[in-house]
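What the coordinates show
So you can see what is in the structure, the chains are spelled out below.
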Amino acid sequence: MKRLGALLASLLLAGSLTACGGTAAQEMQSIQVFAMDTVMGLRACGGETEAALAAAEDEIYRLDEALSRTREDSAVSRLNSAAGGTPVDVGEELRDLIARALDFSAATDGAFDITLAPVSSAWGFTEDTYRVPEDAELALLLPCVGAEHVHLEEGTAVSLDQGTRIDLGAIAKGYASDWMAAIYQEHGITHGIVDLGGNTWVCGGNLEGEPWQIGIQDPARSAGALAGILEASDAFAVTSGGYQRYYTAPDGTVYQHILDPKTGYPVESDLLSVSILCDNGTMADAYSTALYVMGSAGAQAFWRTHGGFEMILITTAGQVLYTPGLSEKITPTEGSGYEYASILP
């Protein structure tokens, strides 16, 4: 199994999206946190900097505990372990997040799905006990996959059909980044970077008065190699790709961690990565995964139909495709070997 970015000590190299803003950015106060199985880096300047960073760190740890499905005392674990059809009071925050996840599932025709937990466990991606499940095993698990097996009950209760379990890992970091933005704003932070390992939020611009520069990692090369640079201010940027986490079987076959809800197998995509840029971290996290599952044509069709976000697709055919709103914000990397083109509206 390989986890790109999970063990990198530098904020500017952690994850699939890296944020930088010139030498002045190093004057900021910073902290590093390990949560959600990821090294996270936070930088801030202006306002109540120390208080903001302390509050952000506490919030990350709180969310790590609250949204985990591997902690026996979490609401997610209680819901997953309850008998099928039994309403479980999960609290207002978790119920609302599950409701949003179901909305994303409906919008993406099931490409985003929080009920893949049993299938992910069958592959060993959650427990780090990697193996290739038999077709018969997946055939027993797939009937329990799908948003229709999750039920929002009265008050703050949720129930799951028998055999269904949820995992919020594909949305948790995006949700956490929304909280980081709220904390920074509450404490008057004027410049900052929140890097949650592939989930980045940039606050304002850098200390030189320019937009932050977000590095788009080249999935085909080693960590730190970039396929382009994106300018952004006050925005969330999230990347998903099979290169981020994968398992190499004894026979040399590589199995990536992003699973297709329809087949239970790792996604076979013509995409190497999907990057979403928008004003909401939770949505960016969900869409980056879903559009990767859809493939290039499906992702472009989804953007044309729904809009509300910008997008960068890196394809297996050697293209970097971006939505027109990024035309003046993206700088290609010289010598990358990619063909850069704007997606037609």
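Here, the structure is the one placed above.
The structure presented is a predicted model; accordingly, all values stated were derived computationally and were not measured.

Conventions adopted
- Residues numbered from 1 in each chain as written.
- Predicted model: local features only at pLDDT ≥ 70, side-chain atom pairs only at ≥ 80, totals over all residues.
- Heavy atoms only, no water.
- Pairing = 2+ DSSP bridges.
- Helix = DSSP H or I, 4+ residues; strand = E, 2+ residues; numbered from the N terminus.
- Axes fitted to C-alpha atoms, helices over the stretch in contact; angles between N-to-C directions.
- Contact = heavy atoms within 4.5 Å.
- Expected span 1.5 Å × (residues − 1).
- Parallel < 35°, antiparallel > 145°, perpendicular 65-115°, else oblique.
- Left-handed = near helix turned anticlockwise from the far one by under 90°.
- Nonpolar A, V, L, I, M, F, W, Y, C, P; charged D, E, K, R; others polar.
- Bend = angle between axes of the 7 residues up to and from the residue.
- Buried < 20%, exposed > 50% of the residue type's maximum accessible area, 1.4 Å probe, protein only.
- 1 Å grid on protein atoms, 1.4 Å probe; cavity = no way out; pocket = protein on both sides within 12 Å on 5 of 7 lines; lining within 4 Å.
- Points joined across faces, edges and corners; volume = space filled by probe spheres on them.
- Phe/Tyr/Trp six-rings, centres within 6.5 Å; stacked < 30°, edge-to-face > 60°.
- Lys NZ or Arg CZ within 6 Å of the ring centre and 35° of its normal.
- Core = buried A, V, L, I, M, F, W, Y, C linked by side-chain atoms within 4.5 Å.

**A closer look at the sheet that holds strand β17 (residues 319–322)**
Taken together, nine strands build an open sheet; the order of strands is β3-β4-β8-β9-β12-β15-β16-β17-β19 and the sheet is mixed. Looking at which strands have only one partner, the edges of the open sheet turn out to be β3 (29–35) and β19 (339–342). Neighbour to neighbour, the strand axes of the sheet diverge by 15° on average, direction disregarded. On the sheet, helix α1 (residues 49–67) packs against β3 and β4 (38–45) and is oriented at approximately 10° with respect to β3. The strands that helix α7 (residues 281–306) touches are β9 (199–203), β12 (235–240), β15 (271–278), β16 (310–315) and β17; relative to β15, the one it contacts most, it runs at about 130°.

**Brief notes about the environment of P332**
Within the fold, P332 resides in strand β18 (residues 330–332). Taking the C-alpha atoms as reference points, P332 and L230, 102 residues apart in sequence, are found 8.9 Å from one another. Once you skip the residues sitting within four places of it in the chain, P332 turns out to touch A227, G228 and Y340.

**Quick look at helix α3 (residues 92–107)**
The end-to-end C-alpha distance of α3, which contains 16 residues, comes to 23 Å, matching closely the 22 Å that a straight helix rising 1.5 Å per residue would cover. Check the buried side of α3 and you find it contacts α1, α2 (75–81), β6 (150–152), β7 (157–160), α6 (169–186) and α7. Positive phi appears at D109, one or two residues downstream of α3, with a value of about 55°.

**Focus: the sheet that holds β6**
The strands making up a sheet associate through backbone hydrogen bonding, with each pair oriented either parallel or antiparallel. The sheet built from three strands is open, its strands ordered β5-β7-β6 with antiparallel pairing. The strands lining the two open edges of the sheet, one partner per strand, are β5 (88–89) and β6. Along the sheet, α3 contacts β6 and β7; its crossing angle with β6, the most-contacted strand, is approximately 125°.

**Remarks on the packing of α3 against α6**
A packed helix pair is summarised by two numbers, namely the angle formed by the two axes and the spacing between the axes. At a minimum axis separation of 12 Å, α3 and α6 run at an interaxial angle of 120°. Between α3 and α6, the angle falls in the class oblique. By crossing handedness, the relation of α3 to α6 is classed as right-handed. Seen from α3, the contacting residues are E93, L97, A101 and F104; seen from α6, they are I171, Y175 and W179. Across the contact of α3 with α6, the residue classes tally to six nonpolar, no polar and one charged.

**Things to note about α7**
Here α7 contains 26 residues, and its C-alpha end-to-end distance of 17 Å is more than 12% below the 38 Å for a straight helix at 1.5 Å per residue. Along α7, the sharpest change in direction is near 130° and occurs at G295. For α7, the tally of buried residues reaches 19 of 26 residues, placing the bulk of the element in the interior.

**Overview of empty space enclosed by the protein**
Inspection of the entire model under this criterion finds one cavity of 30 Å³ or more. Its volume calculated, the largest cavity comes out at about 40 Å³. Sorting the residues of the lining of the largest cavity by element identifies β15 and β16 as the ones contributing at least two each. Looking at the lining of the largest cavity residue by residue, the class counts come to nine nonpolar, one polar and one charged.

**Some remarks on the packing of aromatic side chains**
Overall, the coordinates contain 13 aromatic pairs when judged by the stated rule. On the basis of an interplanar angle of 75° and a centroid distance of 5.5 Å, the ring pair of W123 and Y265 is categorised as edge-to-face. Residue W123 is located in helix α4 (residues 117–123), and its partner Y265 is located in the loop between β14 (254–256) and β15; the two are separated by 142 residues in the primary sequence. Since its relative accessible area comes to 0%, W123 is described here as buried. By way of ring pairs, the aromatic residues W123, F125, Y130, Y247, Y255 and Y265 are connected into one cluster. The ring of W179 has R62 lying over it, and the distance from NZ or CZ to the ring centre is 5.8 Å.

**A word on the pairing of β15**
Counting buried residues in β15 gives seven out of eight residues, a clear majority hidden from the surface. Bridge analysis of β12 against β15 gives five bridges, and the strand direction is antiparallel. From the neighbouring strand, T239 faces β15, where its bridge partner is S275. Pairing of β15 with β16 involves six bridges; the strand directions are antiparallel. When the sheet's bridge partners are listed, L271 is paired in β16 with T315.

**Topic: the nonpolar core**
Counting residues in each nonpolar core, the largest one holds 68 residues, and the members touching the most others are L42, I98, Y184, I276, L291, F309 and M311. Examining the composition of this core, we find that eleven residues originate from one element, α7, more than from any other. Contacts of F309, omitting those with residues within four sequence positions, involve I276, L277, C278, M283, Y287, L291, F302 and W303. The next biggest cluster of nonpolar side chains, apart from the first, holds 19 residues, and it includes M28, A232, Y322 and L326.

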